[in-house]
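Below are the chains, spelled out letter by letter.
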Amino acid sequence: MEALAVKNGKLVFVGDGKAVGAYIGGNTVVEDAGGKLVLPGLVDSHIHPRGIVDFGGCNLEAKAHTLAEIATLVRQCVVDAKLEPGKWLAVSQWEYAAGNQTDSKFATLRAALDAAAPDNPVVMTGWDGHHGAYNSRALALAKNAKGETVGYSKKTLETDFAHYKAVVGVDIHGEPSGDMQDEARSPMDSSETSVEEFAKLLAEPQLLAQRLNSRGITAIWDAATYASDGIFGPGSMYDVYDKLEKTGQQSFRVNMAQYWTPEDFRDADGRVNWDALFAKADAIKAKYANNPLARADSVKIFADGDMEANPNNTPPTFGAAFRPVPYLQPIFEKDAKGFLSVKDYVDISSPECVYARAVPADVSSPTAIADFTKRYGFHPGQCAISYGIPQHAPWIFNDYVMKAHLKGYTIHIHTISDAAVHMALEAVLAARKADGVTTRPDSLAHLQCATAEDVKRIGENKLNLIYTFSWIYAEPKGYDLSTVPFFNKVKGNSYEALHKPGDYFEQCNYPTKSSKDAGGVIVAGSDAPVLTQDPQPFMNMEMGVTRSRRGGQPSSPWQRLAIEDVIDAYTINGARALNRGSEIGSLEVGKSADFIIVDQDILELARAGHAEKIGDTKVLGTWFMGKKVYAPSSQ
């Protein structure tokens, strides 16, 4: 393909550079790409647009910091924001899985944040969107199920918040250490910070379009579109999309995965009022039914949370992701350079652990904890057994997927760990069997760990698998320690120890190539602002090919994809996942004239063995429906 011709927003010619001359008239605008690579407009099939525009604020940029460094950085944020006492401070992009080293002054995250902001409640959010850390002012605001402000404490972790205990970090005295995961964060209402950010976005929604177009993105799947009464408070992304359309500034297509929490629709008897839920969902779906740029015919549901534990805690906290077997209990020590390293493992079936679980009162005082730790070499809290936490009761999860599919919705499921992938797969297949519809582009997102058996079945049923390629890398002395030792018995902290080819985690970890070979459809989603506010499609493509960070070693290198695979994931496969394959995703006559010009040939880079340069690619121009909607400011 050497040339394109566009008329009325659609491609009318794709082919030879000489033959296109027949389409050039007196009023034709001719754009010379100068031999640069032209690609279809990119499709980001799992993104959270609400958070990708940078309005400033306290951002740790997903860099590893010690607790002392975190205290200093957050203290400066309080000064810069000129916060009044009692006002929330939001800190974003915390690297929860690396760094966070303690010292004699700061033994916990809570202590570091207390020192940084003694007069303000602080919420620090991990780059994954699932981890959070809070100071004492924030923890004291926690409300129980009755709406009573009881605060997070050792006592309330045994009573009001006992169901969150497995994912709440504690100190050596059993008091919350400040860090926690997923739903354990919900008792603290920090929504005032997101309401302020949303007001800025609603005032200038064109910044969202510009952000996407500058990265070559012309279509997205908003992976969790909340209604105006959702967890973020007043206002929703529906308002942003409506304003963009009304003002003629919507230069991208959007599929909105409606996000509803079934438990919010329970009646007095505890049963979910499905009619009430779908009455709301159907009204939103109908509103956009005839909108060519926006759809709301899919729903999002979480099968589980995240799988990362926190090895810096004493005892280490578990991951929240749902597993078929209990998480292992590694015993950590520090190596000669101060990095955590796996020393040994707790035998949770030992007499001391059986007793500690049966009579926790005997090992709960500071003295008893110290004596137990000195005698056995590990904290008695490590005798706990955890399989993670499914996000919903399985019967509610299965009913929701079934009922949504029967009502014509495409299913979009957050699945992290092996048991969650299996549960999600079973739910989708049951729903498809119930209504006989197998052609809807139902999708599983993330798949950080999936068994070979489930990968085979996923392929046989042609499900869409939305991978975030930039999450796939090895980091032996950092992130890896929050996952691998809790799945496999390892020793040390070396790459060789943590990434043995035959180990279970290495085999199940982001099975991109094996799922493609099995027949699954590989799709790409940045999940921004997770990891970074930048959707960074070309860095995602690079890491889909390399499965490593630059200068680092790969994770499961046999699962590397070809450059053609990752381009398809961002173009035609993404278009089909959005059920828009006949409109966009490839440069074909009759399709929308959505295309980009980039500054380097990523196909040739990969073929020449320089895939590590793909992430440097810059967009030189973006066209949407035949109109140029982005060019670098230097042009």
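All of these numbers come straight from a predicted model, not from anything done at the bench.

Reading the values: rules and limits
- Residues numbered from 1 in each chain as written.
- Predicted model: local features only at pLDDT ≥ 70, side-chain atom pairs only at ≥ 80, totals over all residues.
- Heavy atoms only, no water.
- Helix = DSSP H or I, 4+ residues; strand = E, 2+ residues; numbered from the N terminus.
- Rg over C-alpha atoms; globule rule 2.2 N^0.38 Å.
- Contact = heavy atoms within 4.5 Å.
- Areas by Shrake-Rupley, 256 points an atom, 1.4 Å probe, with all protein chains shown as cover.
- Lys, Arg positive; Asp, Glu negative; His and termini not counted.
- Charge placed at Lys NZ, Arg CZ, Asp CG, Glu CD.
- Buried < 20%, exposed > 50% of the residue type's maximum accessible area, 1.4 Å probe, protein only.
- Phe/Tyr/Trp six-rings, centres within 6.5 Å; stacked < 30°, edge-to-face > 60°.
- Lys NZ or Arg CZ within 6 Å of the ring centre and 35° of its normal.

Engineer: Just checking my understanding: could you explain the overall build of the chain for this structure?
Structural biologist: Of the regular secondary structure elements, the chain holds 19 helices and 22 strands. Whereas a compact globule of 635 residues would reach a radius of gyration of roughly 26 Å, the chain reaches 25 Å, a difference of no more than 12%. Once the C-alpha set of the chain is aligned to its principal axes, its extents read approximately 90 × 55 × 55 Å. Long-range pairs, those at least 24 residues apart, make up 71% of the contacts in the chain with a sequence separation of at least 6. Carbon and sulfur atoms make up 53% of the accessible area of the chain, which totals about 26000 Å². Across the chain, the 64 positively charged side chains and the 78 negatively charged ones have centroids separated by 2 Å.

Engineer: Would you take a moment to explain the environment of P187 for this structure?
Structural biologist: Along the chain, P187 falls in the loop between β10 (176-181) and α4 (191-203). With relative accessibility at 9%, the residue P187 sits in the buried group. Along the backbone, P187 and V150 are 37 residues apart, and their C-alpha atoms lie at a distance of 9.6 Å. When near neighbours in sequence (up to four residues on either side) are disregarded, P187 contacts L141, A142, K143, Y152, F161 and Y164.

Engineer: Help me understand the side chain of H412, please; the structure alone is not making it clear to me.
Structural biologist: Position of H412 among the secondary structure elements: in strand β16 (residues 410-415). With a relative accessible area of 0%, H412 lands in the buried category.

Engineer: Just to check I follow, could you spell out the packing of aromatic side chains for this structure?
Structural biologist: Aromatic ring pairs are described here by two measures, namely the spacing of the ring centres and the angle between the planes. Evaluated as defined, the whole model comprises 25 aromatic pairs. Ring geometry for W94 and Y96: centres 6.2 Å apart, planes at 70 degrees, overall edge-to-face. For W94, a relative accessible area of 2% gives the class buried. Overall, Y96 belongs to the buried group, its relative accessible area being 2%. Where F318 meets Y327, the ring centres are 6.0 Å apart and the plane angle is 40 degrees; that geometry is what we call tilted. Of the residues examined, F318 reaches a relative accessible area of 5% and is grouped as buried. For Y327, a relative accessible area of 2% puts it in the buried group. Members of the aromatic cluster, joined through ring pairs, are W94, Y96, W127, Y473 and Y479. Taking the ring centre of Y409 as reference, the NZ or CZ of K285 above it sits at 4.4 Å. One cation-aromatic arrangement involves K300 over F302; the distance from NZ or CZ to the ring centre is 4.4 Å.

In short, shape yes, function no, at least from these values alone.
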